[in-house]
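# Examining the three-dimensional arrangement
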Amino acid sequence: MKKQLSPKIVAVVLVAVLAVMGYGLWKATGGGGSLPTGTTLPANAGPFAPGGAANGKGGGAPKK
């Protein structure tokens, strides 16, 4: 006996898979959680930036 898949079930499964993939791509590309236009975060200086970790002044808690 050969059992056939209903086109409606295939369509529902396909839509569900595409919806999950679309949501994942949307979140992975920063959708819904990005900063408002014009907002900037303070720069994280690298170890070779002036006053960076390579000069012994970067990272760690501030000294009192």
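This is a predicted model, so every value here is computed, not measured.

## Describing the overall build of the chain
A count of helical and extended segments in the chain gives one helix and zero strands. Summing over all exposed atoms, the chain offers an accessible surface of approximately 6,300 Å²; the carbon and sulfur share of this is 67%.

## Topic: the packing of aromatic side chains
This structure, assessed with the given rule, holds one aromatic pair. With centroids separated by 5.8 Å and ring planes inclined at 45°, the aromatic side chains of Y23 and W26 adopt a geometry described as tilted. Taken together, the residues Y23 and W26, both in helix 1 (residues 7–28) and three residues apart, mark about one turn of the helix. Given a relative accessible area of 44%, W26 falls into the partly exposed group.

## Some remarks on helix 1
In this model helix 1 runs 31 Å from its N-terminal to its C-terminal C-alpha over 22 residues, within 8% of the 32 Å that 1.5 Å per residue would give. Directly after helix 1, the chain includes G30, whose backbone phi takes a positive value near 90°.

## A word on a nonpolar patch on the surface
A cluster of nonpolar side chains, namely I9, V13, L14, V17, L18 and M21, defines an oily patch on the protein surface of about 570 Å² accessible area. Mapped onto the elements of the fold, V13 is located in helix 1.

Reading the values: rules and limits
Residues numbered from 1 in each chain as written. Predicted model: local features only at pLDDT ≥ 70, side-chain atom pairs only at ≥ 80, totals over all residues. Heavy atoms only, no water. Helix = DSSP H or I, 4+ residues; strand = E, 2+ residues; numbered from the N terminus. Areas by Shrake-Rupley, 256 points an atom, 1.4 Å probe, with all protein chains shown as cover. Phe/Tyr/Trp six-rings, centres within 6.5 Å; stacked < 30°, edge-to-face > 60°. Buried < 20%, exposed > 50% of the residue type's maximum accessible area, 1.4 Å probe, protein only. Expected span 1.5 Å × (residues − 1). Patch = residues over 30% accessible without salt bridge, like charges linked within 9 Å, V, L, I, M, F, W, Y side chains within 5 Å. Salt bridge = Lys/Arg side-chain N within 4 Å of Asp/Glu carboxyl O.

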